[in-house]
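Residue-level structure breakdown
Chain by chain, the residues run as shown.
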Amino acid sequence: MLRRSSAAVARQTVRGATQTTTSSAAVTMSSIACAVPVSTAMARAHASRLASSLTTSSSSCSSAPATRGFASSAANGAQAVVVDVDDEDIARTLPEFHACAGLNAEFDFVRNETIVREEPKPPRGATPSSGDAAVKSKAKDASAALKKRLLVRGVDSALEEAMSSNMTRRIDVRGSRGTGKSVALARAVMSARARGAVVAYVPDGLELTRLSYFSKSASDAGIWDTPDCAMRFLKHVANSVNESVLSAIDVPEISMKELEAATTKKKAIKNTKGKDSGSDAGAASNASSKVDLFKYATIASTEPTLAIDCAIHVIQALTTLAKTSDTKVFFVIDQYNALYGPSDMFEVTGPRSKKNIPAQNLRFVRALTQAIESSTSPDAKHISVTAACETIGVSNANTAKSRPDASNSVVTVVDCPKYSIDEVDAILREYKRVGLLYKNIDEKTVEGMKALTNGNPRELQTVALTTLR
């Protein structure tokens, strides 16, 4: 009797926690000021548009969701949708894919867990055999064959709507840790580029304040040059997606001959084996007197002496392009609050003393943040999209400085909430479809997982693999 009573109390506790969590989440969502409303209907509409624009195949629930392995219908008939994302579409619209840590984590989770599940487990003390190696290889092949799939969420449609609005110039994506802000930004970049927009996308704002040679700027007192950080930015911008637009912008104050001269020393070092460098000199002298912005950025992305000035020139050229043409120009910066925090660089102030150099004292970072903040000015036409990260060592005060004034009419705040009941159901059924989970996914299981994880995507992955295998 005591054992049955304890189980009954436990079930009642979980049921109460589920009801409390669900009601508190509803109150939280309804009380957020200035946030874009995210409805399930918007998510369904966006899923349809995304599937057609990216030529992906999508699947939703049916009358027998357990056999299909996707989201079940909610009480109001709404559905959460999981879609395939094609590798060719990623290569075409997101060349920065490998730098998108959040998006890669979503894809790698299923692949890595599939390898672990398929790998053989030899008895204790046994040595691995050739058969085990073959099974491991087969497991890796099966993992590589899995298609990339993502859950379409309401935040995707809300972000796309805000970026398409003619009234919005500054968008701030907000949400707690692990709710999918980085994934939402990456998908928004893909969608914007598919519509023909020019996007300067930085998937890791922290990299603009770290791991660079630095020196005092000759033009500004108290400001520092960080060429390595500028070169990373240029590699993100001077890609195949933006090539046609950047190639149409001339840089009249710089000639190709000057660019070749700036890299002459490097070429001379490469020709130390006695090769004649006269052909290079002839090419430089016969080079066109004009150079376009794409060539300039491509060369400067590997040349530290040109990187800072070129990166600032690219930023200014893109803001001008937005004003003088019908082309939509976006600056999308993830981990934007890193540009208001400390860098990993220190200025020596004495024999045994040094002080940290704030990110705002880096010349390139200052130029980039000025462009982002200027998007709210009356004459600006470019649009800035940012998201802050809570786990990169930036104080709450500096994070608050990086956020725009939500009361401004051209500012839109998009909330990235935790998973709803329907989204938890969709993810669990997707994990079961690919073989990561073995237990049945029913209503009680979904409600229990929602209560245990509070809808946090990262926690849901860990708890699901621990309790539902």
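Residues numbered from 1 in each chain as written. Predicted model: local features only at pLDDT ≥ 70, side-chain atom pairs only at ≥ 80, totals over all residues. Heavy atoms only, no water.

1. Examining the overall build of the protein
Summing up its helical and strand segments, the protein has 20 helices and twelve strands in all. Evaluated residue by residue, the protein yields a buried proportion of 48% over its 469 residues. When contacts within the protein are restricted to residue pairs at least 6 apart in sequence, long-range pairs at least 24 apart make up 76% of them. (Helix = DSSP H or I, 4+ residues; strand = E, 2+ residues; numbered from the N terminus. Buried < 20%, exposed > 50% of the residue type's maximum accessible area, 1.4 Å probe, protein only. Contact = heavy atoms within 4.5 Å.)

2. Section: unusual backbone geometry
Negative phi is the rule for most residues except glycine; trans is the rule for most peptide bonds. The phi torsion at Q335 lies on the positive side, around 55°, for a residue other than glycine. In this model, N454 sits at a positive phi of 55°, which is unusual for a non-glycine residue. Here N454 lies in the loop between α19 (443-453) and α20 (457-467). Taking the relative accessible area as the measure of exposure, N454 reaches 32% and is therefore partly exposed.

3. Re the packing of α19 against α20
One way to put it is that α19 packs onto α20 with a least axis distance of 10 Å and a crossing angle of 130°. By the criterion of interaxial angle, the relationship of α19 to α20 is oblique. Taken as a pair, α19 and α20 cross one another with a handedness that is right-handed. Across the interface between the two elements, M449, L452 and T453 from α19 touch E459, L460, V463, A464 and T467 from α20. For the contact of α19 with α20, the class distribution of residues is five nonpolar, two polar and one charged. (Axes fitted to C-alpha atoms, helices over the stretch in contact; angles between N-to-C directions. Parallel < 35°, antiparallel > 145°, perpendicular 65-115°, else oblique. Left-handed = near helix turned anticlockwise from the far one by under 90°. Nonpolar A, V, L, I, M, F, W, Y, C, P; charged D, E, K, R; others polar.)

4. Things to note about the pattern of salt bridges
Counted according to the given criterion, the structure contains 18 salt bridges. Among the salt bridges present, the one from D225 reaches R363, with a minimum N-O distance of 2.7 Å. Of this pair, D225 sits in strand β7 (residues 224-225) while R363 sits in helix α16 (residues 363-373), and the two are 138 residues apart along the sequence. Accessibility expressed as a relative area gives 14% for D225, which makes it buried. (Salt bridge = Lys/Arg side-chain N within 4 Å of Asp/Glu carboxyl O.)

5. Points about the packing of helix α15 (residues 304-324) against α16
In the contact formed by α15 and α16, the axes pass within 9 Å of each other and the chain directions differ by 5°. Considered as vectors, α15 and α16 are oriented roughly parallel to each other. Residues I308, D309, A311, I312, I315 and T319 of α15 touch α16, and the partners they reach there are R363, F364, A367, L368 and A371. Of the residues assigned to the contact of α15 with α16, the class counts are eight nonpolar, one polar and two charged.

6. A closer look at the pairing of strand β8 (residues 329-334)
Counted residue by residue, β8 has six buried out of six residues, so it is predominantly covered. The alternating pattern of β8 places V329, F331 and I333 and F330, V332 and D334 on opposite faces, both of which are buried. Two elements, strand β5 (residues 198-202) and β8, share five bridges in a ladder whose sense is parallel. Considered in β8, the bridge of V199 is made with F330. (Pairing = 2+ DSSP bridges.)

7. Overview of the nonpolar core
Residues F233, L234, V314, L318, F364 and L368 are the most contacted members of the largest nonpolar core, which totals 53 residues. Those elements that provide at least two residues to this core are β5, α9 (227-237), α11 (256-262), α14 (293-300), α15, β8 and α16. Here this core gets twelve residues from one element, more than from any other, and that element is α15. Those residues in contact with L234 that lie beyond four places of it in its chain are A297, A300, S301, A307, C310, A311 and V314. Of all hydrophobic cores here, the second largest spans 33 residues; its members include V85, I90, L185 and A188. (Core = buried A, V, L, I, M, F, W, Y, C linked by side-chain atoms within 4.5 Å.)

8. Description of the sheet that holds strand β4 (residues 170-174)
Taking strand neighbours across the sheet as the criterion, the five strands line up as β5-β8-β11-β4-β12 in an open arrangement whose pairing is parallel. Every interior strand has two partners, whereas the edge strands, β5 and β12 (411-415), have only one. Going from strand to strand, the sheet's axes swing by 15° on average, the running direction of each strand aside. As defined by bridge partners, β8 adjoins strand β11 (residues 383-387) across five bridges and the pair is classed as parallel. Its bridge partner lying in β11, F331 is registered against S384.

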